Amino acid sequence: MDYAATTPVDQQVFRAMLPYFTEEFGNPANLYSLGLKAKKAIAEARQKIASVLNCAPDEFVFTGSATEADNLAIAGTARANRRAGNKIIISNIEHKAVLSVCKTLKKEGFEIIELPVQKNGLVNPEELRNILDEKTILVSVMYANNEIGTIQPIAEIGRLIKNFRHKNRPHPKPYTINPVGYPYFHTDAVQALQFLDCDVNKLGVDLMTISSHKLYGPKGIGGLYVRRGVNIEPIIYGGGQQRNLRSGTENVPAIVGFGEAVALAQKNKKAESARVKKLRDKLEKGIFHSIPKVVLNGHPTQRLPNFLNISILDIEGEALLLYLDERGISVNTGSACNSQSLEPSHVLSALGNPYECIHGSVRFSLGKGTTISDINYVLRKLPPIVARLRKISPLNLKLGKKEKVSEPKAFVGGQTPHFLLKKK
Ligand code: PLP
């Protein structure tokens, strides 16, 4: 129940990778045939990915992770375009790979604007439009959030950015081929790629981050689409591989696996989306039916088909996680990166959820291995665990006579959180 954290490598992907560990171990930079075979394998993988993103193969660069791709997209364009402006706009629910590199850029003199999302987790394009100005060089809004699965209106944002730069910010070097004006538009599509259309031209994005291990490919490989004409500098220096944008000998087996995984995901996109949505909806209905005081986090419909993030009031998410784990059920409280700390999730905080609610949050994310009997199993195991935890919970507040429930403003799904109490 935690496929958003990572996925197992698909057997077909695994088989495609195998020869490149042993017989076909060449360095793609070498000119003899062993090297050329590795080079060809990379070219084929790049082509598979480019056809899904609808870009030219040389507009895609492989990186060691999506974290690195996010860093390259943001630091690489910010530093290369410093003279054109110093303002970067991101949403306040971005992955830490984006938030952290922005923190570093702030120290280098960049102005970082975190655009707050609405209570349903969506960016308001109108609000974004209002803060674009002559200094803005980059906008980064993730396609689908990794904690709540909320899908942002990327195509709409892409259109408004295009309009803005057409009117206000033509490229300073109009003589370059395919000039791209400011601001550039980056999206982190790591969670989206498996389920949504990631055609960079339809979406109007100039930079797109993707990852392999979220869609049944190997870990340690990701990549960045960079539109031709975007001015970007590397963040890793060395032998000048991948047109100088990402030095380092390419991880050939992982690249081959990544290409295969992307092609496979594309082939199964429609059917798999419909299948997991059905299961997710059953899980959601079952939980809301059998457990009182549950709140849905994020947008109820603008959401990835495999995501369900809820807050079960009056309990601690970590305790629930451990109880479920004992029964062979893996869930997460917020993102995988967060589970080591007790810091409340920045995404759920950004929705305006109170601290107590965030701590009872659980993320279910379904995948290829999830079956109807898994859903039934969770629906059998979850309610008694919640009842038990609530019995011993210090958070289990009772409604007093002098108290009334405040407006459930911070929530979607029509549920009233019982602990949001207002003194009369
Ligand atoms: N961006 C998003 C939205 C993610 O969900 C993740 C993974 O958790 C990442 C970036 C980082 O990906 P990677 O593990 O490939 O570095």
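Below is a short write-up of the structure. (Residues numbered from 1 in each chain as written. Predicted model: local features only at pLDDT ≥ 70, side-chain atom pairs only at ≥ 80, totals over all residues. Heavy atoms only, no water.)

### Focus: the overall build of the protein
Phase 1: If you tally the helices and strands in the protein, you get 12 helices and 12 strands.
Phase 2: Sorting the 424 residues of the protein into buried and exposed places 56% on the buried side.
Phase 3: Within the protein, residue pairs in contact and separated by at least 24 positions form 72% of the contacts whose partners lie at least 6 positions apart.
Phase 4: About 18800 Å² of surface is accessible on the protein, with carbon and sulfur atoms providing 54% of the total. (Helix = DSSP H or I, 4+ residues; strand = E, 2+ residues; numbered from the N terminus. Buried < 20%, exposed > 50% of the residue type's maximum accessible area, 1.4 Å probe, protein only. Contact = heavy atoms within 4.5 Å. Areas by Shrake-Rupley, 256 points an atom, 1.4 Å probe, with all protein chains shown as cover.)

### Details of the site of the ligand
Phase 1: Neighbouring residues of the ligand: 13 residues in total, closest Thr-67, Asp-188, Ser-211, His-213 and Lys-214.
Phase 2: Gln-191 places a side-chain nitrogen or oxygen 2.9 Å from an oxygen atom of the ligand.
Phase 3: Between an oxygen atom of the ligand and a side-chain N or O atom of Lys-214, the distance comes to 2.8 Å.
Phase 4: Against a free-state accessible area of 390 Å², the protein chains account for coverage of 89% of the ligand. (Near = heavy atom within 4 Å. Polar contact = N/O pair within 3.5 Å; in protein donor to acceptor, adjacent residues only side chain to side chain.)

### As for the pattern of salt bridges
Phase 1: Considering all chains together, one arrives at 21 salt bridges under this definition.
Phase 2: Here Glu-68 ties to Arg-246 by a salt bridge, and the two come within 2.7 Å at their closest N and O atoms. Of the two residues, Glu-68 sits in helix α3 (residues 66-80) while Arg-246 sits in the loop between β7 (222-226) and α8 (252-290), which places them 178 residues apart along the sequence. The pair formed by Glu-68 and Arg-246 is uniform in burial state, with each residue classed as buried.
Phase 3: Put simply, Asp-133 and Lys-87 hold a salt bridge, and the shortest N to O gap is 3.0 Å. One end of the pair, Asp-133, is in the loop between α5 (125-131) and β4 (136-140); the other, Lys-87, is in strand β2 (residues 87-91), and 46 residues separate them in sequence.
Phase 4: Asp-133 sits in the partly exposed class, given a relative accessible area of 25%.
Phase 5: On the basis of relative accessibility, which here comes to 8%, the residue Lys-87 falls in the buried class.
Phase 6: In the salt-bridge network here, residues are joined through shared partners; they are Lys-277, Arg-280, Asp-281, Glu-284 and Arg-303. (Salt bridge = Lys/Arg side-chain N within 4 Å of Asp/Glu carboxyl O.)

### Concerning the sheet that holds strand β8 (residues 294-296)
Phase 1: Spatially, three strands are ordered β8-β9-β10 in an open sheet, and the strand pairing comes out antiparallel. Each edge of the sheet is formed by a strand with only one pairing partner; in this case those strands are β8 and β10 (361-365). Between one strand axis and the next, the sheet turns through 30 degrees on average, direction left out of account.
Phase 2: Where α8 meets the sheet, its contacts fall on β8, β9 (307-312) and β10, and the angle it forms with β9 comes to roughly 15 degrees. (Pairing = 2+ DSSP bridges. Axes fitted to C-alpha atoms, helices over the stretch in contact; angles between N-to-C directions.)

### Some points on the environment of Asn-376
Phase 1: By the element assignment, Asn-376 lies in helix α12 (residues 372-391).
Phase 2: Since its relative accessible area comes to 31%, Asn-376 is described here as partly exposed.
Phase 3: Between the C-alpha atoms of Asn-376 and Lys-282, which are 94 residues apart in sequence, the distance is 8.9 Å.

### As for the nonpolar core
Phase 1: If you look at the biggest cluster of nonpolar residues, it comprises 94 residues, and the most contacted ones within it are Leu-53, Met-208, Leu-283, Ile-287, Leu-320 and Phe-364.
Phase 2: It is α8 that provides the largest number of residues to this core, a total of 13 residues.
Phase 3: Residues Leu-72, Cys-102, Ile-137 and Val-226 belong to the second largest nonpolar core, which totals 27 residues. (Core = buried A, V, L, I, M, F, W, Y, C linked by side-chain atoms within 4.5 Å.)

### Description of a nonpolar patch on the surface
Phase 1: Together, Val-9, Phe-14, Leu-18 and Phe-21 give the surface a local cluster of nonpolar side chains, amounting to about 350 Å² of exposed area.
Phase 2: Of note, Phe-14 is situated in helix α1 (residues 11-17).
Phase 3: Among the residues examined, Phe-14 registers a relative accessible area of 39% and is labelled partly exposed. (Patch = residues over 30% accessible without salt bridge, like charges linked within 9 Å, V, L, I, M, F, W, Y side chains within 5 Å.)

### Structural notes on helix α4 (residues 96-107)
Phase 1: The end-to-end C-alpha distance of α4, which contains 12 residues, comes to 17 Å, matching closely the 16 Å that a straight helix rising 1.5 Å per residue would cover.
Phase 2: For α4, the full list of buried residues reads Ala-97, Val-98, Leu-99, Val-101, Cys-102 and Leu-105.
Phase 3: For α4, the elements touching its buried residues are α3, β2, β3 (111-115), β4 and α10 (346-350).
Phase 4: Phi turns positive one or two residues past the end of α4, at Gly-109, with a value near 105 degrees. (Expected span 1.5 Å × (residues − 1).)

### Re the pairing of β10
Phase 1: Among the five residues in β10, five count as buried, and that is most of the element.
Phase 2: Residue alternation in β10 divides its side chains into two sets, Ser-361, Arg-363 and Ser-365 and Val-362 and Phe-364, and both sets are buried.
Phase 3: Across five bridges, the pairing between β9 and β10 is antiparallel. When the sheet's bridge partners are listed, Phe-307 is paired in β10 with Ser-365.

### Brief notes about the pairing of β4
Phase 1: Along β4, five of the five residues are buried, which leaves the element largely enclosed by surrounding structure.
Phase 2: Here β2 runs beside β4; their pairing, made up of four bridges, is parallel. Looking at β4, one finds that Ile-90 is bridged to Ser-140.
Phase 3: Taken together, the three bridges between β4 and strand β5 (residues 184-188) define a ladder with parallel strand orientation. Counterpart to Val-139 in the pairing with β5 is Phe-185.

### Here we look at unusual backbone geometry
Phase 1: With an omega of 0 degrees, the peptide bond between Tyr-182 and Pro-183 qualifies as cis.
Phase 2: With a phi close to 70 degrees, Tyr-216 is a non-glycine residue in the positive phi region.

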